[in-house]
Amino acid sequence: MMKMSIIGGGPGGLYTAVLLKKQWPHADITVYERNRADDTFGFGVVFSDETLGIFKEYDAPSYEAIRRNFAYWDDVAIVFKGERFRCAGNGFAGCSRQSLLILLQERCRALGVNLCFHYEFEPEQLAQEPFANSDLIVAADGLNSKIREAHKGHFGTAVDLRHNYFCWLGSTRELDAFAYFFQETSHGPVVAHCYQYEPGMSTWVIEMPPATWQGLGFDKLSDWDGEHIPLIETIFAEELAGHRLLDNRSLWRQFPTISNKTWVMKNGASSNVVLLGDAKATAHYSIGSGTKLAMEDAISLLEALRTTESVEDALARYNTDRREEVGKTQHTANVSLEWFEAMARHWHLAPAQFAFGVMSRSKQITYEELVVRDASFVKPVQRWFVNHVRRQGFDVAADTPPMFTPFCLRDMMLANRVVVSPMAQYTAVDGMPNDWHFVHLGSRAVGGAGLIFVEMTCPSPDARITPGCTGLWNQAQADAFKQIVDFVHKNSQAKICMQLGHAGRKGSTQVGWEDENHPLPAGNWPLVSASPLKYFADSQTPRELTPTDMARIEAEFVRAAQYADAVGFDMLEIHMAHGYLFASFISPLTNQRTDDYGGPIKNRMRFPLAVFTACRAAWPDHKPMSVRISATDWHPGGLSDDELVQMAAMLKEAGADLIDVSTGQTVPEQQPVYGRMWQTPFADKVRHEVDIATMAVGAITTPDQVNTILLQGRADLVALARMHLTNPYFTLQASAHYGYDAYQWPPQYLSGQAQAFRQAEKDHDEWLENRRALKPPSHKPMNSSQ
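Every chain is numbered independently, its residues counted from 1 as its sequence is written. Restriction of local features to residues with pLDDT of at least 70 applies here, the model being predicted, together with a cutoff of 80 or more for giving and counting side-chain atom pairs; totals for whole chains, interfaces and linings are based on all residues. For side-chain calculations, the full set of non-hydrogen atoms in the structure is used, while hydrogens and water are omitted.

To continue, consider the confidence of the model for the chain. Confidence in the prediction of the chain, expressed as mean pLDDT, is 95, and 98% of residues score 70 or more. A score from 0 to 100, pLDDT tells how confident the predictor is in each residue. Residue contacts are counted whenever heavy atoms from the two residues lie within 4.5 Å of one another. Considering only residues more than four positions removed or in separate chains, one finds that residues 782-786, a stretch of pLDDT under 50, has five contacts.

The following block contains the structure:
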């Protein structure tokens, strides 16, 4: 008979016991809980319709017991600067944590699970009875797990203690929606995350940045004695409407994001330990996922156990198969967490735009999803966005999708906000653009994008990344580019930008589809950089630039800028990202100089700024200039957040009109966090903290994502790279997707436009039908008035 010990009698531990006992009725299963049966800390828990559907599938009795005890709501309400917004179509249920525990305890008893309360477990007991002879030990003992902490070296535990302070409170104030109440105090912003979980009771999670917390004096008030509560009641007096806040060990904390490299451990010869719930990984409360994750962990563990031959194999499967979903949830939670940490950054936004940002903050819910859920919620922000564009002098129809609104930089007017990113083609010979470049850039201009970037083009032969890079150091190259520029201007609405860059220590390498970033097999040219540091072990060691070298390179950039102007380029960008020459000065990882070009960020920016300033002086005043930057190096000791803001501010002061915000590629050992729209938060930071136009880049693939970024106010332009490689006509197809027939198609393609619009309408109808079919059913009780 299998013996299982579960450490921790929270919802995750109890639900694990229910599922395992239901599957193996003869198993000896005991839950060990440090608190008494009727103890609970916290107030309510939240489940989505989708999660409730999963619970119903795996254990109908516990699902029915939960369903009969929850408060259901469909709307999310946002209150900001005196304005109230509601978004329907969300489908959530709140349940008392204490009720949930009692229901699961009763279900455990009904199945024959042993419940042992007031049991203080210590890690050394793993080697003693009754744990030493347990086939399986489930460590569901929460974020302060003693088992995990005692063996953190084995589990590979990492804890990231986040910035904001929060505490959980209750109230008798009833709510008819999940509510976010934002309040501005004399010391900064505060938000209350609130939801009703049973008649006459609601949860209030109060959150604020450290500066607000300290400025209001919470660090001097005893939370153990509830001294902090009257001040919170004063801040949210209007929202509480005369109701009081309730204390239940409502202590101030900072959220710990916990992860582990492995979730399993052997315990002697025949026993095994597995982490579950918050002991395994935490996800921020702003997406309501803690209890949900723990109970879904239980389901995943059950599936692994019943589809394998041994406990060891089952835990190996759980440790592998469950990781992807947990990783996605944790990433989504971190994105949401970071939005709330930076809420002060968005405080100046119009209330409608701020509310849209709240709903779409985690990237899980986007513009199109919100339109389907509740079009009346999206209309105010779309109306505000269009009116904002109108105030700039543009005649824009009220129903214009954000991506099709015009945008100006100096005298350059873009027909829309879609940008073709600079993408190296590695096809030039001696720097000369050729037919490939003509077709590549010309087709994407005809495809409807508002702005086309030429790949990084080099001002001298020794500035190239590869022998296939384009150059602009002679008249023949300029003449070849002129053919492209003239075609773009004659046959499309697009503007075209020249991007100039110097490879630095990452030069003289093989093309992208060979051994990328590694040296040429033969014919290498000498390299220069901020400091004599190799990129890879087999890379050349670059020579450290001297002031004479800098003067030469500056003159080469000025010459190339003059060529670009004469050719007719509409805009000029200087590449200061991705570990190339200027980036090697900017990053402390690659700049080890001790002269006036090393040390603090002001010194490290000295040479890049000198080149930019010289190009700005040579470039016509009516034409805009931008700079591509790496906003982070994704490596410890790299560019800091403060340095990012200082760098962008210096570039703005020097005359930059737009910051093209990319990240990384500074050092090969970088550890970026990838995902949809993964670099957009950096564009958001620069835009709002420096007050300069930004361009978002990185894993942006759909018109929906473009519109989401623009309506959030996170960037002014949105650049797509790989999507434009596979679909040059992305923007034209987007106009069909939205039924936006005001956008001008090339006359040669008008017959295709009609077909594209018809097909888009059919595709949209099919998408709606599939969405309705896949949407989880509502679990709202028939007699509920919530």
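Exposure is judged per residue with a 1.4 Å probe applied to protein chains only, and the accessible area is read against the type maximum: over 50% gives exposed, under 20% gives buried, and values in between give partly exposed. In DSSP terms, a helix is any run of H or I states spanning at least four residues, a strand is any run of E spanning at least two, and both are numbered starting from the N terminus. With five of five residues buried, strand β17 (residues 271-275) lies mostly within the body of the structure. Burial of the side chains of β17 extends over both faces: S271, V273 and L275 are buried on one face and N272 and V274 on the other. Sheet analysis places strand β9 (residues 136-139) next to β17, joined by four bridges and oriented parallel. In the strand pairing of β17, V138 is matched with V274. Pairing between two strands requires that DSSP report at least two bridges joining them. With four bridges connecting them, strand β16 (residues 264-267) and β17 associate as antiparallel partners. The residue of β17 that forms the bridge with K266 is N272. Between β16 and β17, which pair antiparallel one after the other, the connecting turn spans three residues, and G268 there sits at a positive phi close to 80°.

The next thing to look at is the state of the cysteines. Criterion for a disulfide: a pair of cysteine sulfur atoms at a distance within 2.5 Å. Within the structure shown, the criterion is met by zero disulfides. Summary of cysteine pairing: C108 is not part of a disulfide, and the nearest cysteine sulfur, belonging to C116, is at 13 Å. Residue class for C108 comes out buried when judged on its relative accessible area of 0%.

Here, patches come from residues exposed beyond 30% relative accessible area and free of salt bridges, joined within 9 Å for like charges and within 5 Å for nonpolar side chains (Val, Leu, Ile, Met, Phe, Trp, Tyr). For accessible areas, the Shrake-Rupley method is used with a probe of radius 1.4 Å. Any residue's cover is judged against the shown protein chains and nothing else. In what follows, salt bridge is the name for a side-chain nitrogen of Lys or Arg lying within 4 Å of a carboxyl oxygen of Asp or Glu. Two residue types count as positive, namely Lys and Arg, and two as negative, namely Asp and Glu; His and chain ends fall outside the count. Throughout, a charge is located at the NZ atom of Lys, the CZ atom of Arg, the CG atom of Asp or the CD atom of Glu. Negative charge collects at one region of the surface, where E761, D763, D765, E766 and E769 lie side by side. Mapped onto the elements of the fold, D765 is located in helix α26 (residues 750-774).

Right, let's talk about the sheet that holds strand β3 (residues 44-48) for a bit. With respect to topology, three strands assemble into an open sheet ordered β3-β7-β4, the strand pairing being antiparallel. Two strands in the sheet have a free side with no partner beyond their single neighbour: β3 and β4 (71-73). On average, each strand axis in the sheet is inclined to that of its neighbour by 25°, with strand direction left out of account. Across five bridges, the pairing between β3 and strand β7 (residues 92-96) is antiparallel. Each residue of the ladder has a partner; that of V46, found in β7, is G94. Across the sheet, helix α4 (residues 97-111) lies against β3 and β7, angled at about 80° from β7, the strand it touches most. For helices, the axis comes from a line fit to the C-alpha atoms of the stretch in contact; other axes are also lines fit to C-alpha atoms, and the angle between any two N-to-C directions lies between 0 and 180 degrees.

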